[in-house]
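Reading the structure
Here are the chains, one letter per residue:
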Amino acid sequence: MRLTKRTHLVGSEQFGLSHPLDCNCYLIDCGSELALVDCGLGLGTEEVLSNITRSGFEIERLTHILITHSHIGHWGGSETIRKRTKARIWASTLGVSSMSNIDNDPGIRINVKFGRYPSGFVPRSCVPDSSFSDGDQIKIGDVEFRMIQVQGHTKDSTCFLFKDDSTQCLFTGDTVFYAGKIGLLNLEGCSLEDYRRDISKLADLNVDALFPGHSVFVLNRGQKHIERAIHKLSDFVLPESFFEDNEFVWDRDYLKTLTG
Ligand SMILES: [Zn+2]
(Lines give C-alpha, C1' and ligand atoms only; values in the text may rest on other atoms or scores of the structure.)
Protein backbone atom coordinates (compact mmCIF):
# COMPACT_ATOMS: atom_id res chain seq x y z
CA MET A 1 0.00 0.00 0.00
CA ARG A 2 1.69 3.18 -1.20
CA LEU A 3 1.58 6.02 1.35
CA THR A 4 4.00 8.65 -0.01
CA LYS A 5 6.22 8.77 -3.06
CA ARG A 6 8.80 6.52 -1.41
CA THR A 7 6.91 4.88 1.48
CA HIS A 8 4.80 1.71 1.32
CA LEU A 9 2.99 -0.18 4.08
CA VAL A 10 3.92 -3.85 3.63
CA GLY A 11 2.90 -5.40 6.95
CA SER A 12 0.27 -4.62 9.56
CA GLU A 13 -2.24 -6.14 11.90
CA GLN A 14 -4.85 -3.37 11.76
CA PHE A 15 -4.75 -2.97 7.97
CA GLY A 16 -4.93 -6.73 7.48
CA LEU A 17 -1.67 -6.91 5.55
CA SER A 18 0.05 -9.60 7.60
CA HIS A 19 -0.24 -11.56 10.86
CA PRO A 20 -2.48 -10.21 13.69
CA LEU A 21 0.55 -9.97 15.97
CA ASP A 22 2.54 -7.86 13.49
CA CYS A 23 3.32 -4.19 13.90
CA ASN A 24 3.17 -1.79 10.97
CA CYS A 25 6.07 -2.56 8.60
CA TYR A 26 7.09 0.22 6.23
CA LEU A 27 9.18 -0.12 3.08
CA ILE A 28 11.12 2.90 1.83
CA ASP A 29 12.29 3.10 -1.75
CA CYS A 30 15.75 4.63 -1.41
CA GLY A 31 16.54 4.46 -5.14
CA SER A 32 19.21 1.81 -5.62
CA GLU A 33 18.37 0.24 -2.24
CA LEU A 34 15.32 -0.55 -0.13
CA ALA A 35 14.89 -0.09 3.61
CA LEU A 36 12.34 -1.77 5.87
CA VAL A 37 11.27 -0.07 9.09
CA ASP A 38 10.28 -2.87 11.51
CA CYS A 39 9.28 -6.29 10.26
CA GLY A 40 6.70 -7.83 12.62
CA LEU A 41 6.79 -10.78 14.99
CA GLY A 42 7.82 -13.38 12.44
CA LEU A 43 4.56 -15.26 11.86
CA GLY A 44 3.64 -12.98 8.94
CA THR A 45 7.06 -12.75 7.30
CA GLU A 46 6.00 -14.48 4.07
CA GLU A 47 3.12 -12.02 3.73
CA VAL A 48 5.46 -9.08 4.37
CA LEU A 49 7.86 -10.34 1.69
CA SER A 50 5.06 -10.95 -0.81
CA ASN A 51 3.65 -7.47 -0.08
CA ILE A 52 7.06 -6.03 -0.99
CA THR A 53 6.97 -7.95 -4.28
CA ARG A 54 3.35 -6.93 -4.86
CA SER A 55 4.35 -3.29 -4.39
CA GLY A 56 6.65 -3.74 -7.39
CA PHE A 57 10.02 -4.31 -5.70
CA GLU A 58 12.52 -7.16 -5.79
CA ILE A 59 13.26 -8.33 -2.27
CA GLU A 60 16.94 -8.72 -3.22
CA ARG A 61 17.17 -4.90 -3.27
CA LEU A 62 16.43 -4.77 0.45
CA THR A 63 19.66 -3.72 2.18
CA HIS A 64 18.55 -2.33 5.57
CA ILE A 65 16.11 -3.42 8.25
CA LEU A 66 15.80 -0.55 10.72
CA ILE A 67 14.35 -1.56 14.09
CA THR A 68 12.52 1.14 16.08
CA HIS A 69 12.85 -0.67 19.42
CA SER A 70 13.57 -4.05 20.96
CA HIS A 71 10.02 -5.38 21.47
CA ILE A 72 9.93 -8.61 19.48
CA GLY A 73 6.70 -7.76 17.65
CA HIS A 74 8.80 -5.22 15.76
CA TRP A 75 11.80 -7.38 14.83
CA GLY A 76 10.96 -11.10 15.28
CA GLY A 77 10.81 -11.62 11.51
CA SER A 78 14.17 -9.98 10.83
CA GLU A 79 16.31 -13.15 10.88
CA THR A 80 14.21 -14.82 8.16
CA ILE A 81 14.29 -11.65 6.04
CA ARG A 82 18.07 -11.33 6.50
CA LYS A 83 18.52 -14.90 5.24
CA ARG A 84 16.33 -14.29 2.18
CA THR A 85 17.74 -10.88 1.18
CA LYS A 86 20.90 -8.82 1.35
CA ALA A 87 19.55 -6.88 4.29
CA ARG A 88 21.53 -6.01 7.36
CA ILE A 89 19.68 -5.51 10.64
CA TRP A 90 20.14 -2.15 12.32
CA ALA A 91 19.10 -1.46 15.90
CA SER A 92 19.82 1.07 18.61
CA THR A 93 23.05 0.45 20.54
CA LEU A 94 20.78 0.31 23.62
CA GLY A 95 18.64 -2.48 22.11
CA VAL A 96 21.33 -4.81 20.79
CA SER A 97 21.78 -6.84 23.98
CA SER A 98 18.04 -7.43 24.57
CA MET A 99 17.56 -8.55 20.96
CA SER A 100 20.64 -10.77 21.14
CA ASN A 101 19.43 -12.58 24.25
CA ILE A 102 15.69 -12.76 24.85
CA ASP A 103 15.88 -15.14 27.83
CA ASN A 104 14.88 -12.46 30.33
CA ASP A 105 12.73 -10.29 28.07
CA PRO A 106 9.85 -9.05 30.29
CA GLY A 107 7.40 -8.53 27.40
CA ILE A 108 7.90 -12.04 26.02
CA ARG A 109 7.62 -13.52 29.50
CA ILE A 110 4.25 -11.80 30.07
CA ASN A 111 2.92 -12.69 26.61
CA VAL A 112 3.79 -16.34 27.24
CA LYS A 113 2.18 -16.19 30.71
CA PHE A 114 -1.06 -14.78 29.24
CA GLY A 115 -1.04 -17.26 26.35
CA ARG A 116 -0.91 -14.61 23.64
CA TYR A 117 1.38 -16.46 21.27
CA PRO A 118 -0.06 -19.16 18.98
CA SER A 119 0.98 -22.69 19.91
CA GLY A 120 4.18 -23.66 18.19
CA PHE A 121 5.60 -20.15 18.16
CA VAL A 122 9.05 -20.09 19.68
CA PRO A 123 10.54 -16.60 20.13
CA ARG A 124 14.19 -16.52 19.02
CA SER A 125 16.98 -14.04 19.67
CA CYS A 126 18.53 -12.11 16.80
CA VAL A 127 21.92 -10.41 16.77
CA PRO A 128 21.78 -7.14 14.78
CA ASP A 129 24.56 -6.44 12.25
CA SER A 130 24.92 -2.75 12.99
CA SER A 131 23.77 -0.21 15.51
CA PHE A 132 22.92 3.47 15.63
CA SER A 133 22.91 6.08 18.38
CA ASP A 134 20.92 9.21 19.04
CA GLY A 135 21.58 11.87 16.42
CA ASP A 136 23.18 9.54 13.87
CA GLN A 137 22.49 10.09 10.18
CA ILE A 138 22.26 6.96 8.06
CA LYS A 139 22.46 7.28 4.28
CA ILE A 140 20.66 4.53 2.36
CA GLY A 141 20.67 4.94 -1.41
CA ASP A 142 19.70 8.55 -2.00
CA VAL A 143 17.81 8.92 1.29
CA GLU A 144 19.19 10.14 4.59
CA PHE A 145 17.58 9.09 7.87
CA ARG A 146 18.12 10.96 11.13
CA MET A 147 17.86 8.82 14.25
CA ILE A 148 16.15 10.52 17.20
CA GLN A 149 16.20 8.53 20.43
CA VAL A 150 13.12 9.14 22.58
CA GLN A 151 13.17 7.01 25.69
CA GLY A 152 9.87 6.32 27.43
CA HIS A 153 8.20 3.33 25.76
CA THR A 154 11.55 1.53 26.02
CA LYS A 155 15.12 2.60 26.76
CA ASP A 156 16.10 2.07 23.11
CA SER A 157 13.07 3.63 21.35
CA THR A 158 14.19 5.60 18.31
CA CYS A 159 12.25 7.65 15.75
CA PHE A 160 13.50 7.87 12.15
CA LEU A 161 13.15 11.15 10.26
CA PHE A 162 13.50 11.52 6.51
CA LYS A 163 12.37 13.90 3.79
CA ASP A 164 10.36 12.42 0.93
CA ASP A 165 10.51 15.25 -1.61
CA SER A 166 8.70 17.98 0.29
CA THR A 167 7.04 15.58 2.77
CA GLN A 168 8.70 15.37 6.18
CA CYS A 169 8.20 11.78 7.39
CA LEU A 170 8.70 10.40 10.90
CA PHE A 171 8.58 6.73 11.87
CA THR A 172 7.73 6.72 15.55
CA GLY A 173 7.61 3.03 16.52
CA ASP A 174 5.57 2.84 19.73
CA THR A 175 6.62 6.31 20.96
CA VAL A 176 3.78 8.49 19.59
CA PHE A 177 0.56 7.47 17.87
CA TYR A 178 -2.40 9.10 16.17
CA ALA A 179 -4.09 11.77 18.32
CA GLY A 180 -0.94 12.16 20.41
CA LYS A 181 -1.38 8.94 22.35
CA ILE A 182 1.81 7.50 23.78
CA GLY A 183 3.07 3.95 24.27
CA LEU A 184 2.77 3.82 28.03
CA LEU A 185 2.89 0.28 29.39
CA ASN A 186 3.10 -1.36 32.80
CA LEU A 187 6.35 -2.98 31.72
CA GLU A 188 10.00 -2.95 32.73
CA GLY A 189 11.88 -0.37 30.65
CA CYS A 190 8.82 1.82 30.15
CA SER A 191 9.11 5.12 32.00
CA LEU A 192 6.96 8.24 32.19
CA GLU A 193 9.97 10.12 33.51
CA ASP A 194 11.93 9.22 30.37
CA TYR A 195 8.97 10.28 28.22
CA ARG A 196 8.73 13.66 29.98
CA ARG A 197 12.44 14.25 29.49
CA ASP A 198 12.76 13.17 25.84
CA ILE A 199 9.45 13.94 24.10
CA SER A 200 10.48 17.54 23.35
CA LYS A 201 13.13 16.15 20.96
CA LEU A 202 10.19 15.70 18.57
CA ALA A 203 9.11 19.36 18.82
CA ASP A 204 9.51 21.68 15.83
CA LEU A 205 10.28 18.93 13.31
CA ASN A 206 7.45 20.07 11.00
CA VAL A 207 6.38 16.47 10.50
CA ASP A 208 3.83 15.92 7.75
CA ALA A 209 3.56 12.13 7.66
CA LEU A 210 3.50 10.37 11.02
CA PHE A 211 4.07 6.62 10.71
CA PRO A 212 3.55 4.83 14.04
CA GLY A 213 4.27 1.19 14.81
CA HIS A 214 0.60 0.21 15.03
CA SER A 215 -2.75 1.27 13.68
CA VAL A 216 -3.55 4.59 11.99
CA PHE A 217 -0.90 6.73 10.26
CA VAL A 218 -1.41 10.28 9.03
CA LEU A 219 -0.08 11.80 5.81
CA ASN A 220 -0.50 15.48 6.72
CA ARG A 221 -0.21 17.62 9.85
CA GLY A 222 1.62 14.87 11.76
CA GLN A 223 3.29 17.48 13.94
CA LYS A 224 -0.13 18.31 15.49
CA HIS A 225 -0.33 14.79 16.89
CA ILE A 226 3.19 15.08 18.30
CA GLU A 227 2.41 18.46 19.84
CA ARG A 228 -0.60 16.93 21.60
CA ALA A 229 1.63 14.26 23.13
CA ILE A 230 4.09 16.93 24.26
CA HIS A 231 1.25 18.96 25.76
CA LYS A 232 -0.26 15.95 27.58
CA LEU A 233 3.15 15.03 29.00
CA SER A 234 3.48 18.54 30.45
CA ASP A 235 0.33 18.06 32.58
CA PHE A 236 0.12 16.04 35.79
CA VAL A 237 -2.80 13.90 34.62
CA LEU A 238 -1.73 10.53 33.18
CA PRO A 239 -1.46 10.88 29.38
CA GLU A 240 -3.57 8.60 27.20
CA SER A 241 -1.86 5.39 26.23
CA PHE A 242 -2.43 3.83 22.80
CA PHE A 243 -2.34 0.40 24.41
CA GLU A 244 -5.32 1.18 26.67
CA ASP A 245 -7.68 1.71 23.74
CA ASN A 246 -6.28 -1.25 21.91
CA GLU A 247 -6.56 -3.70 24.74
CA PHE A 248 -8.49 -6.07 22.47
CA VAL A 249 -5.27 -6.73 20.61
CA TRP A 250 -3.89 -8.36 23.71
CA ASP A 251 -7.00 -10.40 24.45
CA ARG A 252 -6.17 -14.07 23.99
CA ASP A 253 -9.65 -15.12 22.86
CA TYR A 254 -9.79 -12.30 20.31
CA LEU A 255 -6.38 -13.31 18.99
CA LYS A 256 -7.53 -16.89 18.64
CA THR A 257 -10.39 -15.81 16.40
CA LEU A 258 -7.90 -14.03 14.16
CA THR A 259 -5.18 -16.64 14.13
CA GLY A 260 -7.48 -19.64 13.91
ZN1 LIG B 1 6.73 -1.67 21.78
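Heads up: the structure comes first, above all this text.
The following refers to the structure shown. Bear in mind that the values here come from a model prediction, so they are computed numbers and not experimental data. (Residues numbered from 1 in each chain as written. Predicted model: local features only at pLDDT ≥ 70, side-chain atom pairs only at ≥ 80, totals over all residues. Heavy atoms only, no water.)

**Observations concerning the side chain of Asn111**
Here is the rule: Numbering of helices and strands runs from the N terminus; a helix is a DSSP stretch of H or I covering at least four residues, while a strand is a stretch of E covering at least two. Definition of a polar contact: a pair of N or O atoms within 3.5 Å, with one able to donate and the other able to accept a hydrogen when the atoms are protein atoms, and with sequence-neighbouring residues admitted only if both atoms are side-chain atoms. Residues count as neighbours in contact if any of their non-hydrogen atoms are within 4.5 Å of one another.
The residue Asn111 is located in helix H4 (residues 106–113) in this model. Here the side chain of Asn111 touches Tyr117 through a polar contact of 3.3 Å, side chain to side chain. When near neighbours in sequence (up to four residues on either side) are disregarded, Asn111 contacts Arg116 and Tyr117.

**Observations regarding the nonpolar core**
Inside soluble globular proteins, nonpolar side chains tend to come together where they are buried. For the record, the criterion: Each nonpolar core is a collection of buried residues, namely Ala, Val, Leu, Ile, Met, Phe, Trp, Tyr and Cys, held together in the definition by side-chain atoms within 4.5 Å. Note on exposure labels: buried denotes an accessible area under 20% of the residue type's maximum, exposed denotes more than 50%, and partly exposed covers the range between, all computed with a 1.4 Å probe on protein chains only.
The biggest cluster of nonpolar side chains holds 29 residues, and the ones touching the most others in it are Leu27, Leu36, Ile52, Leu62, Ile65 and Ile67. It is helix H1 (residues 45–54) that provides the largest number of residues to this core, a total of three residues.

**Brief notes about the side chain of Thr85**
As for its placement among the helices and strands, Thr85 is situated in the loop between helix H2 (78–84) and strand E5 (88–92). Accessibility expressed as a relative area gives 13% for Thr85, which makes it buried. Within polar-contact distance, the side chain of Thr85 engages the backbone oxygen of Ile81 at 2.7 Å. A polar contact is formed between the side chain of Thr85 and the backbone nitrogen of Ala87, at a distance of 3.0 Å. In contact with Thr85, other than residues within four places in its own chain, are Ile59 and Leu62.

**Some remarks on the pairing of strand E2 (residues 25–29)**
Inclusion rule: The pairing criterion is simple: DSSP has to find at least two bridges between the two strands.
In terms of residue burial, E2 counts as a mostly covered element, since four of its five residues are buried. Both strand E1 (residues 7–11) and E2 contribute to a ladder of four bridges, which runs antiparallel. Paired with Thr7 across the two strands is Ile28, which belongs to E2. The pairing of E2 with strand E3 (residues 34–37) spans four bridges and is antiparallel. Residue pairing for E3: Ile28 is matched across the bridge by Ala35. If you look at the hairpin formed by E2 and E3, you'll find four residues sitting between the two strands, and Gly31 has a positive phi there, around 85 degrees.

**Thoughts on unusual backbone geometry**
In the Ramachandran plot, Asp165 falls in the positive-phi region, its phi being about 55 degrees despite a non-glycine side chain. Within the secondary structure, Asp165 is located in the loop between strand E9 (158–164) and strand E10 (167–173). Phi is positive for Ala179, close to 65 degrees, though the residue is something other than glycine. Along the chain, Ala179 turns up in the loop between E10 and helix H5 (192–198). Overall, the relative accessible area of 21% leaves Ala179 in the partly exposed class.

The analysis is restricted to geometry; functional conclusions fall outside its scope.
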